[in-house]
Amino acid sequence: LDAAQHRVQGTETIEWRNSSEVPANELYLHAYLNAFAGPRSRFLRQAPEHRRSSSESPIPGGLIIRKLSARELGDMDLLPRLAKHSPDDPDDATDLRVDLPTAVAPGQVVTLDLEFTAVLPALVERAGFSGTFHAIAQWYPKLARRTKTGEWKHFSYDALAEFSSDFGDYDVTLDVPNGFVIAAPGHSTLVAQDATRHRERYCTSAVHDFAWFAWDRFVVTTAQFGTVNARVYASRDQAGNTRRTLESLKFGLDQFGTWLFPYPYADLTVVHPPDNARAAGGMEYPQLITTGGPWFLSDVGLHAIEALTLHELGHQWFFGAIASDEYWFPVLDEGLTSWLEAKAMQRRFGNASLIDTPFFSVSEAALRHLQARRYSRRGPLAIPAPDFGDFDGLAGRVYARFPTLLDTIGAVYGEARLATAIAGFARKYRFAHPDVSDFLEAMRMGLDHGAYMALSTSLASDGWVDFAVTNITVAPSTNGVFENRIQLERRGTLDFPIELQVQFENGHIARRHIVSVRSSQWIDWPYVSRVRVATLDPEHRIAIDDDLGNQSRRVGPPDTNSRLALLIHWILSILWSFGWP
Amino acid sequence: MKAWRKPREGYRLKLLLFLYASSIGLIWCIATPLYAALSNAAVFDTDVGLFRAGSEWLLVVLDAQRSCISALSAALLMLGSFAYAANTVLSTAAWILLHSKRLLAWPSIVDHFGDCIGKLVIIAVGTAGSVAVLLGCWYVVFGSIGAWLEPILGERGTDWVQLATFAIALCATAAIFIVADVTRAVVVTDRASTRFALSTALQICGRAWPKLGFDAAGRVLSVVALQASTAWAVTHFQWLSGTALTFFAAVVSVEASALLSIMLRVGWMAYLLREVQRFKRTVRR
């Protein structure tokens, strides 16, 4: 690392075995940093307001490959055979094809030697520098993944997509100026140190990426959680957040290890970027996660640091060890991780999982469900990241709607059953790069048919539902029995079994379980008293319902909501106290 | 000039109750349509259910009625503006009625009111404008010093400095409000022009700023503590989701806080009127 020029000079050796059934005539290299090389890259062509971070980078970056040769071909220079730009996109250079002079047969190994320079941009999203803080991610030419059938999973860097590669063993030696602390995954060994610089070596196995950070103000806090050695790198001001991060790691490693499978590595690194580098926060890499947030977060009743830590830790399973493709199926990593995080936060903090103050508490699930309803009827959830159009759409559907659908399935069909099905999927596809069809097959085996259909429709088609009570009629009493009739409607492509609760004028409350509501149907309920209120889903299990405002209907005027009236009056009178002229 | 006479017993209490009842009436002008929109939501079947489980279902109701509240927002804004304007009239009436024990005839009070209302409106507008400019300047400073200080002081140090700028801006805002109130007191006492009243107010504030500052701070902190402790009690003991008795406790607490807040405000107004009288006597000597 040249900390003054914000560049990393590197040499790399990639040893790749063709484990597919088909000879390989070419290779593909991800060169993600070239997204910041010029304003016409695929990444920067997208409007800032549509991206995750709306900032522009004032200082460009890039990945310059200066040498590329293959040992098995007599150290043949492959640089002339390296494409200058991404396929069909002359303005982008993040997806580079290497045309091989001879095919690599199935089972054969090719060893590539590369020399490169990573030019770090001013930090905009994930990778770059801010002051002396260096987020060195996607910094080396990374081989794309090849499937068993010989298909290369290559793609240029899209603003809405993340990263994908294949598992391998990494042996990385990092050289930085003295005074800089390195935060990297895996176990470290000091290799050499002189008056101005020092070198550390990091070895990790069965991972598909390697990101590291260097800063001259890191303070390291370590802890041992069972077999996992955790290290948190943060500034001195972040002591409170560091403590809460470690508590969350301990809780998360224990819970996720029990629910899914034990964390499969010996080390876990957490980086808390400073406030001026917050664009590097909230990100996951194998064995390394980044969090973020101001130093006083822990003291103001917000559980943001816990939520962020658990979310990124959850990615060590859904992204890290399971390695679904983040570009093609973001729902399988962000969606499942968001569900896992919400479950953990609910277990830890109950209904105060997001905001917890003496005056007011809000659960994460409540907010997530609200957001999910705003992104209904937008199409299938299992689509490639770029197809979501903008980050708000991706976040609303993948981070909020999919976990809300899972919450609904859990509430209706059984939480334990859902958790077991997802755990089964996780265990079966460890280190296996599953796709959506693998996930659905696991759900089909583990869940009821109705639950499976809800998932399948939502992932592949457009899953939405709106249950409503649309009418109540009461015929005059004959022989002391009133002919109460309640009209129900179900709109949408999803269906769930549902409870109907009826309150009568004599105070009696009764419930009926309905396996399936037709698009429109009448329920007859003869009884000695008139119906007063009919409510569908009184326990609010179906969080994915589009409109909660039509699930109940009263006969006659609404009840007086004196508590609600007092709350409104109170809020206005507080404003009055401070605003009276 | 007639000597100032102490008001009759019960006069201020009647004034307080009148102001409290008027405030309630104006608040309910805005609250009623909002309440009608929210209480129409069919997503709950009991009043109490809204406030259970961390008020989660209250969020659902707010979200379910979002479009309804948006549709009402223009009407609510108009109602709010009307209520604020009406409260300005009430406030002017309060100033004059507090001062009026020196005057005996109702026609004089009405005449006094007509003389002062325009000037007090000008003071209200001027106060709002001054505070807006002040806060705008503060915002620019607040935003620009962060990047400059952070490499030197770190995150925590920078945040503390930024907080200090906020505190300074808050003190300056408080000073503007105090000067505005003293100006109102001068206008009501002397029927002076707004400009003359402002210059007199600045002289009074210049002479008595520690006393005025501490008194104002004490009253504001009392209102804050009152409202905060009411909020704590209601939420901590879950009075809104409890029995009818606990709900009654919530009602009593909320209304008592509102009445006490008005009392603190009226006490401040009476205090300023006395201070202006004291200043006038000093100047005359």
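Below you will find a few notes about this structure. (Residues numbered from 1 in each chain as written. Chains lettered and ligands numbered in written order. Predicted model: local features only at pLDDT ≥ 70, side-chain atom pairs only at ≥ 80, totals over all residues. Heavy atoms only, no water.)

Brief notes about the overall build of chain A
Counting its secondary structure elements, chain A contains eleven helices and 30 strands. Its C-alpha atoms put chain A at 100 × 65 × 45 Å along the principal axes. Within chain A, buried positions represent 58% of all 581 residues. When contacts within chain A are restricted to residue pairs at least 6 apart in sequence, long-range pairs at least 24 apart make up 70% of them. Looking at chain A as shown, the accessible area adds up to about 22200 Å², and 51% of this sits on carbon and sulfur atoms. (Helix = DSSP H or I, 4+ residues; strand = E, 2+ residues; numbered from the N terminus. Buried < 20%, exposed > 50% of the residue type's maximum accessible area, 1.4 Å probe, protein only. Contact = heavy atoms within 4.5 Å. Areas by Shrake-Rupley, 256 points an atom, 1.4 Å probe, with all protein chains shown as cover.)

Overview of the pairing of strand β16 (residues 212-215) of chain A
For a regular strand, side-chain orientation follows a simple rule: the groups alternate between the two sheet faces. Residue and element names in this part refer to chain A. On β16, burial covers both faces: Trp212 and Ala214 on one face and Phe213 and Trp215 on the other are all buried. Note that strand β13 (residues 181-183) and β16 share three bridges and pair antiparallel. From the neighbouring strand, Ala183 faces β16, where its bridge partner is Phe213. (Pairing = 2+ DSSP bridges.)

Digging into the pattern of salt bridges
All names here are of chain A. Counted by the stated rule, this structure contains 42 salt bridges over all chains. We note a salt bridge from Glu162 to Arg126, for which the minimum N-O separation is 3.5 Å. Note that Glu162 is positioned in the loop between β11 (152-153) and β12 (168-177) and Arg126 in the loop between β6 (109-119) and β7 (128-130), a separation of 36 residues in sequence. Glu162 gets classed as buried once you look at its relative accessible area, which sits at 7%. Salt bridges linked by common partners bring Glu26, Arg81, Arg97 and Asp99 together as one network. (Salt bridge = Lys/Arg side-chain N within 4 Å of Asp/Glu carboxyl O.)

Observations concerning the sheet that holds strand β25 (residues 481-492) of chain A
All names here are of chain A. With antiparallel pairing, the three strands of this open sheet are ordered in space as β24-β25-β28. Every interior strand has two partners, whereas the edge strands, β24 (465-478) and β28 (520-527), have only one. Strand-to-strand, the axes of this sheet are offset by a mean angle of 20 degrees, without reference to chain direction. As defined by bridge partners, β25 adjoins β28 across eight bridges and the pair is classed as antiparallel. Residue Gln487 lies in a different strand from β28, and its bridge partner there is Trp522. (Axes fitted to C-alpha atoms, helices over the stretch in contact; angles between N-to-C directions.)

Some thoughts on the interface of chain B and chain A
Accessible area lost when the parts come together is the quantity often used to give the size of an interface. Across the boundary between the two partners, chain B contributes 68 residues, which contact 51 residues of chain A. Linking chain B with chain A are two salt bridges. We note a salt bridge from Arg217(A) to Glu150(B), for which the minimum N-O separation is 3.8 Å. Viewed at the interface, chain A and chain B are joined by five residue pairs in polar contact (both at pLDDT 80 or more). Only α1 (11-39), α2 (56-64), α3 (66-99), α4 (106-190), α5 (194-236) and α6 (244-284) of chain B provide two or more residues apiece to the side of chain B that touches chain A. By residue class, the composition of the side of chain B that touches chain A is 40 nonpolar, 16 polar and twelve charged. (Polar contact = N/O pair within 3.5 Å; in protein donor to acceptor, adjacent residues only side chain to side chain. Nonpolar A, V, L, I, M, F, W, Y, C, P; charged D, E, K, R; others polar.)

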